[in-house]
Amino acid sequence: MAIVSDDNKNINKPLKRNPVVKPDSIEYDKTFENSIRPKDFDSYIGQSSLKETLKITLEAAKRRNKPLDHLLFYGPPGLGKTTIAGVIAAQMGVDIKITSAPALERPRDIIGILMSLKGGEILFIDEIHRLNKVAEEILYPAMEDFTLDMTTGKSQTAKTLRIPIPKFTLIGATTKAGELSGPLRDRFGMIHRLEFYTVDELAQVVMRTARILEIDITENGAKAIAMRSRGTPRIANRLVKRVSDFALVKYNGIIDETVANESLDILKIDKYGLDTTDRALLNLIIEKYDGGPVGIETIAAALSEDVRTIEDVCEPYLLQAGFLQRTPRGRKVSPEGYRHLGVKQPSCQTSLFDM
Ligand code: ADE
């Protein structure tokens, strides 16, 4: 164990308008993530209302000796949707099969996985909004009646075979709940949005991860990392590792507030957690489009980024932090965004017209 304590305990400020580094774009070290994932509700920090509801739901399912209702979790990446699904499986004492919608391209992919499930097991489908129509139609009777409806033959001679499958629980996760079809959304018994974490919660996540990885850190060091983690535990965990490299090579091995802040400055993660891409995005809108509004495709093309990366990874926190605004005519940099970058907002842009 390697925790060094210091005296500042004031880490309870919510991260509300207190911006943002991003949950990873596409690539992320899953082995690292798995090694530090909490396995029970007690070690899962944050999302308290979700945890309380889930504890009741799980207990009721256990007492009835029935599988859990299908659950849908939505919210920005990195907030712990997969992690909470793993906790649920562990608490129910069942196995979990983890897949994602893009991996279920052909009918046989989804049929195969449904047929392989054992009674009570959990099927976790990430990015469920990307499920194609055919896969969705296969899923409906599976979710509702625990059957696979297979059609054999063509037109007039076609027959539907109903094959029973074991009762299972589907946990869907999405960053875009609005893109789920109505019929699919309606088949979930519980739909819950995961919230950004407060600085206090993230500092606890950082301390926990440091303890597991045997990294020396002070409470103020943890808080400094938490403040630049965009409300997102995945980012906080990644930053602990990066900062611990600096602590080892450039400092005395211990992450305190100074080490954390200096290392994060070198990594170009600013005091609100924005990185170079976030600042490039805001600067682009200010410099090339007079602060906006400008369409997302134009922004993505100008930054040589994928539209989905901008929408799923950069935008949620920039919006929540209040640096960016979404209008019917595109994205706009807010007065806070101008202020954060130290750029004076032209007075004509503060007119009511754009509000
Ligand atoms: N690591 C990632 N998310 C976490 C959480 N919610 N609690 C504890 N550790 C985590």
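What you see is a predicted model, and the numbers here were worked out from it, not measured in a lab.

Novice: What am I meant to see in the overall build of the chain here?
Specialist: When you go through the chain residue by residue, the secondary structure sums to 14 helices and nine strands. A burial count over the chain gives 51% of its 355 residues as buried.

Novice: Explain the pattern of salt bridges here, please?
Specialist: Think of it this way: side chains of opposite charge can pair up when their charged atoms draw near. Scanning the model with the defined rule gives 20 salt bridges in all. Of the charged contacts in the structure, one is a salt bridge between lysine 176 and glutamate 311, with a shortest N-O distance of 3.6 Å. Of this pair, lysine 176 sits in the loop between β6 (169-174) and α6 (182-186) while glutamate 311 sits in helix α13 (residues 307-320); the two residues are 135 residues apart in sequence, bridging distant segments of the chain. Ionic pairing is found between arginine 326 and glutamate 315, a salt bridge with its closest N-O pair at 3.2 Å. Taken together, the residues span a long stretch of sequence, with arginine 326 in strand β8 (residues 324-327) and glutamate 315 in helix α13 at a distance of 11 residues. Here the salt bridges do not stand alone but share partners, grouping Lys97, Lys118 and Glu121 into one network.

Novice: I would appreciate a short explanation of unusual backbone geometry in the present structure.
Specialist: Negative phi is the rule for most residues except glycine; trans is the rule for most peptide bonds. Residue proline 293 is bonded to the preceding glycine 292 through a cis peptide linkage, with omega at 5 degrees. Within the secondary structure, proline 293 is located in the loop between α11 (276-289) and α12 (296-303). Phi at lysine 268 is positive, roughly 65 degrees, even though this residue is not glycine. Secondary-structure assignment places lysine 268 in the loop between α10 (257-266) and α11. Phi angles above zero are rare outside glycine, and serine 304 is one such case at about 55 degrees. Summarising the element assignment, serine 304 is placed in the loop between α12 and α13.

Novice: What exactly am I supposed to notice about the side chain of histidine 70 here?
Specialist: With respect to the element layout, histidine 70 can be found in the loop between α2 (48-64) and β1 (71-74). Under the relative-accessibility criterion, histidine 70 is labelled buried at 7%. A polar side-chain atom of histidine 70 sits 2.9 Å from the main-chain carbonyl oxygen of methionine 143. In this structure, histidine 70 is in contact with Met143, Phe146, Phe168, Thr169, Leu170, Arg187, Phe188, Gly189 and Met190, ignoring residues within four places of it in sequence.

Novice: What is the right way to look at the nonpolar core in this model?
Specialist: In globular proteins that are soluble, nonpolar side chains generally tend to be buried together. Counting residues in hydrophobic clusters, the biggest one holds 67 residues, and the most contacted among them are Leu54, Phe73, Ile88, Ile225 and Leu281. Membership of the second largest hydrophobic core comes to 26 residues, among which are Ala101, Leu104, Ile125 and Leu184.

Novice: Explain the packing of helix α4 (residues 107-116) against helix α5 (residues 133-145) to me, please; I cannot follow it from the model alone.
Specialist: The packing of two helices is summarised by the inter-axis angle and the distance between the axes. At their nearest, the axes of α4 and α5 sit 8 Å apart, and the two run at 25 degrees to each other. Here α4 is positioned roughly parallel relative to α5, judged by the angle of their axes. Between α4 and α5 lies a crossing of right-handed hand. For the pair formed by α4 and α5, the contact residues are Pro107, Ile110, Ile111 and Leu114 on the first element and Val134, Ala135, Ile138, Leu139 and Ala142 on the second. In terms of residue class, the contact of α4 with α5 is built from nine nonpolar, no polar and no charged.

Novice: Quick question: what am I supposed to make of the packing of aromatic side chains here?
Specialist: Ring pairs (aromatic) are described by centroid distance and by the angle formed between their planes. A full pass over the atoms with the stated rule returns three aromatic pairs. Seen from their ring centres, phenylalanine 146 and phenylalanine 168 are 5.7 Å apart, and the 80 degrees between their planes marks the pair as edge-to-face. With phenylalanine 146 in the loop between α5 and β4 (147-152) and phenylalanine 168 in the loop between β5 (159-164) and β6, the pair connects residues that are 22 residues apart, well separated along the chain. Seen in terms of ring centroids, phenylalanine 196 and tyrosine 317 are 5.1 Å apart; in terms of plane orientation they differ by 90 degrees. Their pairing is edge-to-face.

Novice: Got a minute to help me understand the environment of phenylalanine 196 in this structure?
Specialist: Relative to the assigned elements, phenylalanine 196 resides in the loop between β7 (190-193) and α7 (199-213). Taking the C-alpha atoms as reference points, phenylalanine 196 and threonine 232, separated by 36 residues in sequence, lie 6.2 Å from one another. Excluding residues within four positions of it along the chain, phenylalanine 196 makes contact with Pro76, Leu79, Arg230, Gly231, Thr232, Pro316, Tyr317 and Gln320.

Novice: Just to check I follow, could you spell out the pairing of β4 for this structure?
Specialist: Along any regular strand, the residues point their side chains to alternate faces of the sheet. Relative to β5, β4 runs antiparallel, the two being bridged by six bridges. In the sheet register, threonine 152 faces β5, and the bridge partner there is lysine 159. Adjacent in sequence and paired antiparallel, β4 and β5 are bridged by six residues, among which glycine 153 carries a positive phi angle near 75 degrees.

Analysis parameters
- Residues numbered from 1 in each chain as written.
- Predicted model: local features only at pLDDT ≥ 70, side-chain atom pairs only at ≥ 80, totals over all residues.
- Heavy atoms only, no water.
- Helix = DSSP H or I, 4+ residues; strand = E, 2+ residues; numbered from the N terminus.
- Buried < 20%, exposed > 50% of the residue type's maximum accessible area, 1.4 Å probe, protein only.
- Salt bridge = Lys/Arg side-chain N within 4 Å of Asp/Glu carboxyl O.
- Polar contact = N/O pair within 3.5 Å; in protein donor to acceptor, adjacent residues only side chain to side chain.
- Contact = heavy atoms within 4.5 Å.
- Core = buried A, V, L, I, M, F, W, Y, C linked by side-chain atoms within 4.5 Å.
- Axes fitted to C-alpha atoms, helices over the stretch in contact; angles between N-to-C directions.
- Parallel < 35°, antiparallel > 145°, perpendicular 65-115°, else oblique.
- Left-handed = near helix turned anticlockwise from the far one by under 90°.
- Nonpolar A, V, L, I, M, F, W, Y, C, P; charged D, E, K, R; others polar.
- Phe/Tyr/Trp six-rings, centres within 6.5 Å; stacked < 30°, edge-to-face > 60°.
- Pairing = 2+ DSSP bridges.

These figures capture arrangement, not role.
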